[in-house]
Amino acid sequence: MTHLAEYDALTGLLNRRAFLQKLDVYFKYAKRYDKQGTLIFIDLNKFKLINDAYGHSTGDAYLKFIAEHLVKTLRATDMIGRWGGDEFIVFIHEINAVPAQKVATKLVNSFCSSEIRIQGHTFTPSASFGLSSIEKHIQDVGQLIHGADVAMYTAKTAGTCGWEEAARK
Ligand SMILES: Nc1nc2c(ncn2[C@@H]2O[C@H](COP(=O)(O)OP(=O)(O)OP(=O)(O)O)[C@@H](O)[C@H]2O)c(=O)[nH]1
C-alpha cells in the first residue's frame, strides 16, 4: 500500500506528492542546520510529437527509459521523482550551485548525445533543465521549486537540450 501511494505507476519513481513530502522535510533540516542542496526540474522537449507519431505505448516506453536513465546517471543518494506527464524532478543533497552545474552538464551530455532505440524507433532524447539551490533568500520549498521551474522555462526558450539556473543573490 505504501509503495503504491508513494511511487509513480509507470516509471517507478517517487510521485509528486511523496517527493514533495521528502523535499519539505529535508528543506527544513537544511535551513536549521545550514545544509546545501539543489533542485533540478526536467521537462522533456517535444515529447508530444513522440506520442503523436508513434503512439502512447511508445511514449510510455520513452518515459520509462528516461526514468531509468536518470536512476543510472545519478547517485543512489539523489532523490528522483516524476512531477507529472513528461516532467521529472531531482533533488541532490549537500551540493550548492557550482557543483550542481556539473551534474546538470553531465545530465545534458548523457541525454542529448545518445541515440536510443525504443520499440523499433530511434530517438535522440532532449530535455530542458532548471536548477535552483537552497540559499539564504530561499525561505520555503515553494520558492525553491518556483526558481527551478522558471529556470527550466528559460532553458526551454533556447529550444535546445540544456540547463539554466535560478537567479542567485
Ligand atoms: N505516453 C504518455 N504520454 C503522456 C503521459 N503523460 C502525459 N503525456 C503526454 O505528454 C505530452 C506533453 O505535451 P507538452 O506538455 O506539450 O510537452 P512537449 O511536447 O514536450 O512540449 P515542450 O515541453 O514545449 O517541448 C502530452 O501529449 C501528454 O498527453 C504518459 O503517462 N504517457
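- Looking up the chain in an unreviewed UniProt entry gives the name GGDEF domain-containing protein, with the organism given as Sulfuriferula nivalis.

## Regarding the UniProt feature "domain: GGDEF" (unreviewed entry) in the chain
In step 1: As annotated in UniProt, the feature "domain: GGDEF" (unreviewed entry) corresponds to residues 35–169 in the numbering used here.
In step 2: Annotation note: span residues 35–169, helix share 44%, strand share 28%, distance between end C-alpha atoms 17 Å.

## Considerations on the pattern of salt bridges
Pairing between side chains becomes possible if they bear opposite charge and their charged atoms approach one another.
In step 1: Per the counting criterion, the structure on display carries six salt bridges.
In step 2: The salt bridge involving Asp34 is made with Lys136; its shortest N-O contact spans 3.8 Å. On the criterion of sequence distance, the pair formed by Asp34 in the loop between helix H2 (16–33) and strand E1 (37–44) and Lys136 in the loop between strand E6 (127–133) and helix H6 (141–158) is long-range, its members being 102 residues apart. Lys136 shares its class with Asp34; the two are exposed.
In step 3: Across the salt bridge formed by Asp43 and Lys156, the nearest N and O atoms sit 3.1 Å from each other. Separated by 113 residues along the polypeptide, Asp43 in strand E1 and Lys156 in helix H6 bring together distant segments of the chain.
In step 4: Under the relative-accessibility criterion, Asp43 is labelled buried at 8%.

## Description of empty space enclosed by the protein
In step 1: Counting across every chain of the model gives one cavity of 30 Å³ or more.
In step 2: Roughly 70 Å³ of volume is contained in the largest cavity.
In step 3: If you trace the largest cavity, you find it lined by Thr38, Ala97, Leu131, Ser132, Ser133, Glu135, His137, Ile138, Glu165, Ala166, Ala167 and Arg168.
In step 4: Ranked by residues supplied to the lining of the largest cavity, first place goes to E6 with three residues.
In step 5: Partitioning the lining of the largest cavity into residue classes produces five nonpolar, four polar and three charged.

## Details of the layout of surface pockets
In step 1: The space that makes up the largest pocket amounts to roughly 190 Å³.
In step 2: In terms of lining residues, the largest pocket is bounded by Thr73, Leu74, Arg75, Thr77, Asp78, Ile92, His93, Ile95, Lys102, Val103 and Lys106.
In step 3: Per element, the largest residue contribution to the lining of the largest pocket is three residues, and it comes from helix H5 (residues 97–112).
In step 4: Looking at the lining of the largest pocket residue by residue, the classes come out as four nonpolar, three polar and four charged.
In step 5: The space that makes up the second largest pocket amounts to roughly 160 Å³.

## Some thoughts on the environment of Lys156
In step 1: We classify Lys156 as partly exposed; its relative accessible area is 26%.
In step 2: As a C-alpha pair, Lys156 and Gly84 span 72 residues in sequence and 17 Å in three-dimensional space.
In step 3: Setting aside residues no more than four positions away along its own chain, Lys156 makes contact with Asp43, Leu44, Asn45 and Ser128.
In step 4: Of note is the side chain of Lys156, whose polar atom sits 3.1 Å from the side chain of Asp43.

Procedures and definitions
Throughout this description, residue numbers start from 1 for each chain and increase along the sequence as written. Two thresholds apply to this predicted model, a pLDDT of at least 70 for residue-level local features and 80 or more for giving and counting side-chain atom pairs, whereas whole-chain, interface and lining totals are computed over all residues. Side-chain measures were taken over the full set of non-hydrogen atoms in the model, leaving aside hydrogen atoms and water. UniProt positions are given in the numbering used here, feature names are shortened, and annotations may be inferred rather than shown by experiment. Strands here mean DSSP runs of E at least two residues long; helices mean DSSP runs of H or I at least four residues long; both are numbered from the N terminus. By convention in these notes, a salt bridge is any Lys or Arg side-chain nitrogen within 4 Å of a carboxyl oxygen on Asp or Glu. The cut-offs for exposure are 20% and 50% of the maximum accessible area for each residue type, with area from a 1.4 Å probe on protein chains only; residues under the lower value are buried, those over the upper are exposed, and the others partly exposed. A cavity here means a set of 1 Å grid points, computed over protein atoms only, where a 1.4 Å probe fits but cannot escape. A pocket is an open set with protein on both sides within 12 Å along at least 5 of 7 lines, and lining residues have an atom within 4 Å of a point. Grid points are joined across faces, edges and corners, and a volume is the space filled by probe spheres set on the points. Note on residue categories: nonpolar means Ala, Val, Leu, Ile, Met, Phe, Trp, Tyr, Cys or Pro, charged means Asp, Glu, Lys or Arg, and polar means any other residue, Gly included. When checking whether two residues touch, look at their non-hydrogen atoms; a contact exists if any pair is within 4.5 Å. Counting of polar contacts relies on pairs of N or O atoms within 3.5 Å, with two restrictions inside protein: one atom must be capable of donating a hydrogen and the other of accepting it, and residues adjacent in sequence are counted only when both atoms are side-chain atoms.

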